[in-house]
Amino acid sequence: MKHVLSASQFSREKILSLFATADRLKRERKDHGVLDYLRGKLVYLLFYEPSTRTRTSFGLAARYLGGRTDFTEAAGIFSSAAKGETLEDTIRVLQSYEIDAIVIRHKERGAAEAAARVAGIPIINAGDGDGEHPTQALLDLYTIVSNVRRDEIVVAMGGDLKHGRTVRSLCRLIIKYAADDAKFCLVFCSPPELAMRDDVLDELRAAGIPFSVTDNLSETLPACDVFYQTRVQRERFANALLGDAAFLDVQTRFALNAANVATMKPDAIILHPLPRVGEISPDVDADPRAKYFPEQTRNGLYVRMALLLTILRPDAV
Amino acid sequence: MKHVLSASQFSREKILSLFATADRLKRERKDHGVLDYLRGKLVYLLFYEPSTRTRTSFGLAARYLGGRTDFTEAAGIFSSAAKGETLEDTIRVLQSYEIDAIVIRHKERGAAEAAARVAGIPIINAGDGDGEHPTQALLDLYTIVSNVRRDEIVVAMGGDLKHGRTVRSLCRLIIKYAADDAKFCLVFCSPPELAMRDDVLDELRAAGIPFSVTDNLSETLPACDVFYQTRVQRERFANALLGDAAFLDVQTRFALNAANVATMKPDAIILHPLPRVGEISPDVDADPRAKYFPEQTRNGLYVRMALLLTILRPDAV
Amino acid sequence: MKHVLSASQFSREKILSLFATADRLKRERKDHGVLDYLRGKLVYLLFYEPSTRTRTSFGLAARYLGGRTDFTEAAGIFSSAAKGETLEDTIRVLQSYEIDAIVIRHKERGAAEAAARVAGIPIINAGDGDGEHPTQALLDLYTIVSNVRRDEIVVAMGGDLKHGRTVRSLCRLIIKYAADDAKFCLVFCSPPELAMRDDVLDELRAAGIPFSVTDNLSETLPACDVFYQTRVQRERFANALLGDAAFLDVQTRFALNAANVATMKPDAIILHPLPRVGEISPDVDADPRAKYFPEQTRNGLYVRMALLLTILRPDAV
């Protein structure tokens, strides 16, 4: 593994290995605090669009392993990009500074792949527009499999499934991870306008992962082991058919709250890639099934540590 | 002491202890350079509004003690906040990343308290709108008591006393610090439109701290031991009664300059929370009574080091 | 050497010493990774205008030597400057925080000199408007002399020679570096509207450095040992005589591409301060004469390391 570009690049074996490494790093960090694996390594966080959460999570992952980081928080506004420099040139310059890896977040789909084509050092995709967000998918799946011990896991996904890159990446990772003794069944629960796109549905069919499509939240909730809620992003609809009233209607009808969460299985879990706005009511936060924080976000730290270790110190895995 | 939210939370004993710790850290740093107390600790600087000065001061304080920092410089623009995430959620996510403390600067009064309500780790208020700025008050008082050795210290405050959170926090800290052998007398010297608000005056009355209110700078200067000048912020008046001409008139009439500073006591001191614009003329800078830099700003570094040490390593105090 | 403000401040001996130190640090870093010379030192990167490239290069230079850094990426927008604080006050405050050097990037010519006048610590000019960019000139010259071994080096400069601070600083550094056994001949190749200004031409005449002025790129390319291309910045012409069509015409006529680069000497080199937009076609990148990355940019790292070492640890040079 050199680059991390897409959830589809992982094999079941690689995913299991990463999760085992994450488990191990949790234990080591509990015992030793800051670790020493990445001493002398520098990870550059090249963020073209804002994401304090993801940038901080990657940065701390590198530093908790003993590495160093440098970053730019809004490369699109501040850096040479504003003067017209191509992403490829920016990558070439950064790697000439003798850094060890670049974590990239970009507004445009395919940006991480474009970076990887010219890079001699590892490129890690931290989200490329409406493309992929593979480390988010890894931390999501890690949270699912470390909580749900069943032969077949029913994962419902809610919210904006059409534009959300996290649900798309998670589906692709589940395809890679699923096995005879690790079966999945997916439920896509959204308003029809925001339904999961055909490309992912076709991939699921090809992989033999059963799924259903519905706009009925009240039927979905009691049936699932995992409800993965996502944000309906108002900005996705700036120039779209849905107006502001429709946006609010969608957000309200598909929101989780204490009342409808009460219908879920007692050992189901609720996830969210965050930030959450109105689609999970705060009265759900105290429910033991709510895992979006701190568990899911903390898992992001450890999955990213596992990835960085695997890429930069394969000898230490 | 877990959180640092308000100047009012400190007792005289705690303040004396912090100042003694600041003194001690000055000596230790002179002897040893970077210290080691916060090894393995990570302090997150969560700034929703710009403040290079305060952010740098807190960040270096943590690092000179051997700690690490991460920061966002404009969380309000760049972070998930722009997508509508609540402050509480941001705090929950950050602390899931196994950090040790959050220093928060926010545009809205009460933000630090809101953060503290959901935080399991220490929250340090680095300024919340027109609310408080307790570490500024601590460094101000530290600079006062380490310079002025009198039984009763006359502290005059000038500029915008109505909106200035530094003068409000300093008054509240003086209330806590004052004692029979450490008497204070306050003079609030400002145009009537910018006078200190009643809430603070009531607190002073209740505490038995004498004060007077005046708009006469020339009478105030010769009488005080400390003149604490503050900036009249043009932006505070965007939609207010004072127009731009009135703003300039106020700034000019209440400014310190070499001529009127000459009327001050020879051992008086001049402080300013900075940035200073026109309210202290540069011809005052060379006056030995001018302590706003480097002494007052440097004291900010040491007072913040003392606070971080007290909160994160109480065993080392 | 205390401050680094202008290319003109260096003597030939000092330049040779810096280049020897850069060579030595390359070797040491290859053997030892992160070095230890700046342990306990803090370099502050005070950037009033965006420059991810220069900021990162300086920051990593300090850190690869074992130092620490703090930075602000857009001081003009975010810091106290937005409230009206003078540059001088900002410098006074920063140095009160016990930092060891300030690297400053500012939109206005003369800003670094202004900072140096009030600073007790070293100030390093990382570009001041259309003034100077001395460390860029140092890395450019270092790349030239480590590639071209001739008694007389013909350096052609192309693009916007009127506004480009890099070419101006490079000329001034060549004046200081030139010697009987290190002769230079300059060719300024640009449209007349963007010709090198008289101040630099006068300095070259006074120093006895031969030069010619031309707008003929096809004659210039075969004759030079170094072609130093620069960006024609659209923003320089916002309110100028040249319109947008003229800008594109200039950019096209004076651009390097595989076809015209083929006419260059086989051992010539092509440099560019970057970012490059359209003035060097990507089809030149694979040409062995193209040194703009990774060599030239990497040299920036080592020249800056050499400078920081010379200034902050003269005993270790």
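Residues numbered from 1 in each chain as written. Chains lettered and ligands numbered in written order. Predicted model: local features only at pLDDT ≥ 70, side-chain atom pairs only at ≥ 80, totals over all residues. Heavy atoms only, no water.

### Topic: the overall build of chain A
- If you tally the helices and strands in chain A, you get 12 helices and nine strands.
- For chain A, whose C-alpha radius of gyration is 19 Å, the value lies close to the compact-globule estimate of 20 Å for 317 residues.
- Seen along its three principal axes, the alpha-carbon backbone of chain A occupies a region of about 55 × 45 × 40 Å.
- Counting every position in chain A, which comprises 317 residues, the buried fraction comes to 63%.
- Of the contacts formed within chain A by residues at least 6 apart in sequence, a portion of 76% connects residues at least 24 apart.
- In the form shown here, chain A has an accessible surface area of approximately 11,300 Å², with 50% of it arising from carbon and sulfur atoms. (Helix = DSSP H or I, 4+ residues; strand = E, 2+ residues; numbered from the N terminus. Rg over C-alpha atoms; globule rule 2.2 N^0.38 Å. Buried < 20%, exposed > 50% of the residue type's maximum accessible area, 1.4 Å probe, protein only. Contact = heavy atoms within 4.5 Å. Areas by Shrake-Rupley, 256 points an atom, 1.4 Å probe, with all protein chains shown as cover.)

### Digging into the interface of chain B and chain A
- Facing 24 residues of chain B, the contacting portion of chain A comprises 32 residues.
- For the pair chain B and chain A, the summed buried surface comes to about 2,500 Å²; carbon and sulfur atoms form 51% of the total.
- Taken together, chain B and chain A are joined by six salt bridges.
- For R29(A), the salt bridge identified is with E98(B), shortest N-O distance 2.8 Å.
- Run the count over chain B and chain A and you get 14 residue pairs in polar contact (both at pLDDT 80 or more).
- Breaking the side of chain B that touches chain A down by element, the ones donating at least two residues are β1 (42-47), β2 (68-72) and α4 (87-96) of chain B.
- No other element matches α4(B), which puts six residues into the side of chain B that touches chain A. (Buried area = accessible area lost by both parts, 1.4 Å probe. Salt bridge = Lys/Arg side-chain N within 4 Å of Asp/Glu carboxyl O. Polar contact = N/O pair within 3.5 Å; in protein donor to acceptor, adjacent residues only side chain to side chain.)

### A few points about the relation of the copies chain A and chain C
- Rotating chain A by 120° and translating it 0.0 Å along the rotation axis places it on chain C, where the RMSD comes to 0.0 Å. What the superposition gives is, in effect, a three-fold axis relating one chain to the other. Using C-alpha coordinates, one finds that chain A approaches the rotation axis most closely at E73(A), a distance of 5.3 Å.
- When you check the interface residues of chain A against chain C, a mere 12% turn up at the interface there too, and the two sides of the contact use different surfaces. (Least-squares fit on C-alpha atoms with pLDDT ≥ 70 in both.)

### Focus: the relation of the copies chain B and chain A
- Each copy of the sequence occupies a distinct position, and chain B is placed on chain A by a rotation of 120° and an axial shift of 0.0 Å, giving an RMSD of 0.0 Å.
- The residues that chain B uses at the interface reappear at the interface of chain A in only 12% of cases, marking distinct surfaces.

### So, the sheet that holds strand β2 (residues 68-72) of chain C
Residue and element names in this part refer to chain C.
- Read across the open sheet, the four strands follow the order β2-β1-β3-β4; overall the sheet is parallel. A strand with exactly one partner marks an edge of an open sheet, and here the two such strands are β2 and β4 (123-128). Direction aside, neighbouring strands of the sheet carry axes that sit 15° apart on average.
- By the bridge criterion, five bridges tie strand β1 (residues 42-47) to strand β3 (residues 101-106) in an arrangement that is parallel. Bridge pairing in β3 links Y44 to I102.
- Where helix α2 (residues 52-64) meets the sheet, it contacts β1, β2, β3 and β4, and its direction lies at approximately 175° from that of β1. (Pairing = 2+ DSSP bridges. Axes fitted to C-alpha atoms, helices over the stretch in contact; angles between N-to-C directions.)

### Considering the layout of surface pockets
- Counted as a void, the largest pocket has a volume near 1,400 Å³.
- Lining the largest pocket are 46 residues, with R68(A), G67(B), R68(B), G67(C) and R68(C) sitting closest to its centre.
- Looking at the lining of the largest pocket, the elements with two or more residues in it are α2 (52-64) and β2 (68-72) of chain A, α2 (52-64) and β2 of chain B together with α2 and β2 of chain C.
- Looking at side-chain class alone, the lining of the largest pocket contains 12 nonpolar, 16 polar and 18 charged residues. (1 Å grid on protein atoms, 1.4 Å probe; cavity = no way out; pocket = protein on both sides within 12 Å on 5 of 7 lines; lining within 4 Å. Points joined across faces, edges and corners; volume = space filled by probe spheres on them. Nonpolar A, V, L, I, M, F, W, Y, C, P; charged D, E, K, R; others polar.)

### Here we look at the side chain of H272(B)
All names here are of chain B.
- Counting through the fold element by element, H272 comes out in the loop between β9 (269-271) and α12 (292-312).
- One polar contact links the side chain of H272 to the main-chain amide nitrogen of L274, over a distance of 2.7 Å.
- With near-sequence residues (within four places) excluded, H272 lies in contact with Q229, T230, R231, E279, I280, Y292 and Q296.

### Considerations on the interface of chain A and chain C
- If you look at the interface, chain A gives 24 residues, while chain C gives 31 residues.
- Interface area, chain A with chain C, both sides summed: about 2,500 Å², of which 51% is carbon and sulfur.
- In this assembly, chain A and chain C are joined by six salt bridges.
- In this structure, R55(C) engages D70(A) in a salt bridge whose closest nitrogen and oxygen atoms are separated by 3.6 Å.
- Along the contact surface separating chain A from chain C lie 14 residue pairs in polar contact (both at pLDDT 80 or more).
- Listing elements by their share of the side of chain A that touches chain C, those giving two or more residues are β1 (42-47), β2 and α4 (87-96) of chain A.
- Looking at which element gives the most residues to the side of chain A that touches chain C, the answer is α4(A), with six residues.

### Quick look at the pattern of salt bridges
All names here are of chain A.
- A complete count under the given rule lists 74 salt bridges over all chains for this structure.
- In this structure, the salt-bridge partner of D199 is R168, at a minimum N-O distance of 2.6 Å. Separated by 31 residues along the polypeptide, D199 in helix α8 (residues 198-207) and R168 in helix α7 (residues 165-177) bring together distant segments of the chain.
- In the salt-bridge network here, residues are joined through shared partners; they are E132, R168, R172, D199 and E203.

### A short note on unusual backbone geometry
- Residues L274(A) and P275(A) are joined by a peptide bond in cis, for which omega reads 0°.
- Residue placement: P275(A) occurs in the loop between β9 (269-271) and α12 (292-312).
- With a phi angle near 65°, E98(C) is a residue other than glycine that sits in the positive phi range.
- The residue E98(C) is located in the loop between α4 (87-96) and β3 in this model.

### Details of the packing of aromatic side chains
Residues and elements named next belong to chain A.
- The final tally for this structure, using the stated rule, is 18 aromatic pairs over all chains.
- Three or more aromatic residues joined by ring pairs make a cluster, and in this case those are F19, Y142, Y177 and F184.
- Across from the ring centre of F71, 4.0 Å away, lies the NZ or CZ of R55, which sits over that ring. (Phe/Tyr/Trp six-rings, centres within 6.5 Å; stacked < 30°, edge-to-face > 60°. Lys NZ or Arg CZ within 6 Å of the ring centre and 35° of its normal.)

### Regarding the sheet that holds strand β8 (residues 226-229) of chain C
Residues and elements named next belong to chain C.
- Strand order across the open sheet formed by five strands is β7-β6-β5-β8-β9, with parallel pairing between neighbours. Every other strand in the sheet has two partners, leaving β7 (211-214) and β9 (269-271) as the edge strands with one partner each. Sheet twist, expressed as the mean angle between neighbouring strand axes with direction ignored, is 20°.
- As defined by bridge partners, strand β5 (residues 152-158) adjoins strand β6 (residues 183-189) across seven bridges and the pair is classed as parallel. Across the sheet, I153 pairs through a bridge with F184, a residue of β6.
- Helix α7 (residues 165-177) contacts β5, β6 and β8 of the sheet and is inclined by roughly 160° relative to β6.

### Structural notes on the pairing of β5(C)
- Counting buried positions along β5(C) gives six out of seven residues, so the element sits mostly inside the fold.
- In the classification by handedness, the crossover that spans β5(C), the intervening α7(C) and the parallel β6(C) is right-handed. (Right-handed = clockwise from strand over helix to strand, strands pointing away.)

### Brief notes about the environment of Q136(B)
- As for its placement among the helices and strands, Q136(B) is situated in helix α6 (residues 134-147).
- Among all residues touching Q136(B), those that are not within four sequence positions of it are T166(B), Y228(B), P273(B), Q296(B) and R304(B).

### Considering the domain arrangement of chain A
Residues and elements named next belong to chain A.
- Here chain A is described as being made up of domain 1 (7-132 + 297-316) and domain 2 (134-296).
- Just the C-alpha atoms count here: the centres of domain 1 and domain 2 sit 25 Å apart.
- On the domain 2 side, the residues contacting the 32 residues of domain 1 number 31 residues.
- Summed over both sides, the interface between domain 1 and domain 2 buries roughly 2,600 Å², with carbon and sulfur atoms accounting for 56% of that surface.
- Together, R12, F19 and T297 form the three largest contributors to the area buried by domain 1 at its contact with domain 2, with a combined 24%.
- Where domain 1 touches domain 2, the interface holds four salt bridges.
- The closest approach of N and O atoms between E49 and R165, which form a salt bridge, is 3.7 Å.
- At the boundary of domain 1 with domain 2, the tally comes to 15 residue pairs in polar contact (both at pLDDT 80 or more).
- Counting residues per element, the ones that place at least two in the side of domain 1 that touches domain 2 are α1 (12-32), α2, β4 (123-128) and α12.
- Sorting elements by how many residues they give to the side of domain 1 that touches domain 2 places α1 first, with eight residues.
- Of the residues contributing to the side of domain 1 that touches domain 2, the split by class is 11 nonpolar, nine polar and 12 charged. (Domains from an automatic or database assignment.)

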